[in-house]
Amino acid sequence: MSQLIVAATQLQPDLKAGLQSIGAGIAYGAAAIGPGIGIGLVVGNAIQAMARQPEMQGTIRTTMFLGIAFTEALALFGFVLFFLAKS
Amino acid sequence: MPVLGAFVFPPIDELFRWKDLWFNGSPLAINKTVLLVLISSLMIVTIFILGSRKRALRPGGVQNVVEMTYEFIDNGITKDVVGHDAGRFTPFLGTLFLFILFLNFWEVIPGIQFPPTSRMGIPGFLALLVYAVYLVTGFKNQGFKYLTGHLFPPGVPKALYILVTPIEFVQLFLVRPFSLAVRLLANMMAGHILLTALALLTAYALDTNPGILKVIAVGPFLLNIGVTGFEILVAFLQAYIFTLLTAVYLGDALHPDH
């Protein structure tokens, strides 16, 4: 399979760009799955906590943004990888 | 006249590279990015000088804005996250927050519509600055225990150190600054590309051959307005998150068991 791709790349220079685009698309799509689930969990649980204890809202919101920031980082690495893989 | 199928997105470089305006070719060349950074710095300094020049007991106008911003940073970020004894970090965190906020907001200002934070130079430099500040604070405050406390967290079984120590090392010295810089960069870059793509789609749809198909332009146009509103939120949120994470790292450097 890999030999086939190498041979095809040498035959057609356009194919290389096409395969790179497909790879970049798959890489970003895969990188977005985990963080999507993660952010959903973080925000969902934060809302539940706010509903149970409205007086702790400020603290919970700050912690929620922290959790989102840490989770989101992985998706953003995927986004950067998208441009690296395409060029 | 292109039909709908002829939509071509320009190469990414075209959206982020600007021609030099002055001092062409030298390392001090000034382009749109640098110009926006200088203008925003001047704006922040001017607002704060105006706000603190005549200090009235009952604040009004500019002074009110300046005092509210300071209080937001001091109460919401420094005292809550770094610690109650860390008032000396408020100026640093406040400068960081306002600088990033002003730079991000250029993304949605009509006629300019380019966030300078979407070029790696600015988030990269800010992340390196934060990196230096929290490492120096940590080693100054806790000495060598800052490093050992991180690499060998207490309460972990001894055998697990083989796994935990390398992870913690990479986390402390590589992942933290890298993710700080990339988070800001990627968010602003994604927003800029999204707005450009929607604006281009509108323009292309207005350019289609049979006149009736021009109706398609309504979709991306309305979406563009909505996304602009969302980007205002993102601009504020990214400035806030950058400052908040800096505060967390500083708090970690000041208080070991935090």
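Quick caveat, the model's predicted, so the values are computed rather than measured. Positions within a chain are numbered from 1, following the residues in the order the chain's sequence is written. The lettering of chains begins at A and the numbering of ligands begins at 1, in the order of writing. Only residues with pLDDT of 70 or above have their local features reported here, since the model is predicted, and side-chain atom pairs are shown and tallied only from 80 upward, although totals for entire chains, interfaces and linings are computed over all residues. Derived side-chain values reflect all non-hydrogen atoms in the structure, with water molecules and hydrogen atoms excluded from consideration.

## Quick word on the packing of helix α2 (residues 32-53) of chain B against helix α3 (residues 62-82) of chain B
Helix packing for two helices is described by the angle between their axes and how far apart those axes are.
Residues and elements named next belong to chain B.
Thinking step 1. To obtain each axis, a line is fitted to C-alpha atoms, and for helices this fit is confined to the stretch in contact; angles are then taken between N-to-C directions over 0 to 180 degrees. Strands are runs of DSSP state E lasting at least 2 residues, helices are runs of H or I lasting at least 4, and numbering of each runs from the N terminus. It is at 8 Å that the axes of α2 and α3 come closest, and there the two elements cross at 110 degrees. Taken together, the axes of α2 and α3 are roughly perpendicular relative to one another. Contact with α2, carried on its side by I47, F48, L50 and G51, involves V62, Q63 and V66 of α3 and no other residues of that element. Roughly parallel means an angle under 35 degrees; roughly antiparallel, over 145; roughly perpendicular, 65 to 115; everything else is oblique. Contact criterion: two residues are considered in contact whenever any of their non-hydrogen atoms come within 4.5 Å of each other.

## Focus: the interface of chain B and chain A
Thinking step 1. On the side of chain A, 12 residues touch chain B, which itself brings 19 residues to the contact.
Thinking step 2. Accessible area, probed at 1.4 Å, shrinks when two parts are joined; the buried area is that loss added up over both. In total, chain B and chain A occlude about 1,300 Å² of area from one another, counting both sides; carbon and sulfur atoms represent 84% of this.
Thinking step 3. Any carboxyl oxygen of Asp or Glu within 4 Å of a side-chain nitrogen of Lys or Arg constitutes a salt bridge here. Taken together, the connections running from chain B to chain A amount to zero salt bridges.
Thinking step 4. Residues adjacent in sequence count toward polar contacts only when both atoms are side-chain atoms; beyond that, a polar contact is any pair of N or O atoms within 3.5 Å, and within protein one must be able to donate a hydrogen and the other to accept it. For the pair chain B and chain A, the number of links is one residue pair in polar contact (both at pLDDT 80 or more).
Thinking step 5. Mapped by element, the contributors of at least two residues to the side of chain B that touches chain A are α7 (161-206) and α8 (218-254) of chain B.
Thinking step 6. In terms of residue count, the dominant contributor to the side of chain B that touches chain A is α7 of chain B (nine residues).

## Structural notes on unusual backbone geometry
All names here are of chain B.
Thinking step 1. If you check the backbone angles, F23 has positive phi at about 50 degrees while not being a glycine.
Thinking step 2. Secondary-structure assignment places F23 in the loop between α1 (12-16) and α2.
Thinking step 3. Positive phi, normally seen in glycine, also occurs at Q113, with a value near 45 degrees.
Thinking step 4. Mapped onto the secondary structure, Q113 falls in the loop between α4 (90-105) and α5 (121-142).

## What about the environment of V227 of chain B?
Residue and element names in this part refer to chain B.
Thinking step 1. Note that V227 resides in helix α8.
Thinking step 2. Taking the relative accessible area as the measure of exposure, V227 reaches 14% and is therefore buried.
Thinking step 3. Separated by 21 residues in the primary sequence, V227 and V248 place their C-alpha atoms 30 Å from one another.
Thinking step 4. If we ignore the near neighbours within four places in the chain, the residues touching V227 are L194, L195 and L198. Any residue under 20% of the maximum accessible area for its type is buried, any over 50% is exposed, and the rest in between are partly exposed; the area is computed with a 1.4 Å probe on protein chains only.

## Here's the deal with a nonpolar patch on the surface
All names here are of chain B.
Thinking step 1. Taken together, the side chains of I212, L213, V215, I216, V218, F221, L222 and I225 define a hydrophobic patch exposed on the protein surface, amounting to about 770 Å² of accessible area.
Thinking step 2. Summarising the element assignment, I212 is placed in the loop between α7 and α8.
Thinking step 3. I212 gets classed as exposed once you look at its relative accessible area, which sits at 68%. Only residues above 30% relative accessible area that lack a salt bridge enter a patch, with like-charged residues linked at up to 9 Å and the nonpolar side chains Val, Leu, Ile, Met, Phe, Trp and Tyr linked at up to 5 Å. To measure how exposed things are, a 1.4 Å probe is used in the Shrake-Rupley method; for residues, cover is taken only from the protein chains shown.

## A word on the confidence of the model for chain A
Thinking step 1. Scored between 0 and 100, pLDDT is the confidence that the predictor attaches to each residue. Across chain A, the average pLDDT comes to 86, with 92% of residues at 70 or higher.
Thinking step 2. At the low end of the mean pLDDT range in chain A sits helix α1 (residues 2-11) of chain A, at 70; at the high end sits helix α2 (residues 13-52) of chain A, at 90.

## Things to note about the environment of L135 of chain B
Residues and elements named next belong to chain B.
Thinking step 1. By the secondary structure assignment, L135 is in helix α5.
Thinking step 2. For the pair L135 and L250, spaced 115 residues apart in sequence, the C-alpha separation works out to 8.6 Å.
Thinking step 3. In contact with L135, not counting residues within four places along its chain, are Y146 and F173.

## Things to note about the side chain of E107 of chain B
Residue and element names in this part refer to chain B.
Thinking step 1. Along the polypeptide, E107 turns up in the loop between α4 and α5.
Thinking step 2. Put simply, E107 is tucked away with no salt bridge, and the nearest opposite charge, on K32, sits 12 Å away.
Thinking step 3. A distance of 3.2 Å separates a polar atom in the side chain of E107 from the backbone nitrogen of H192.
Thinking step 4. Filtering out sequence-adjacent residues up to four positions away, E107 remains in contact with Q113, F114, P115, M188, G191, H192, L195 and E231. The positive count covers Lys and Arg only, the negative count covers Asp and Glu only, and His and the chain ends enter neither.

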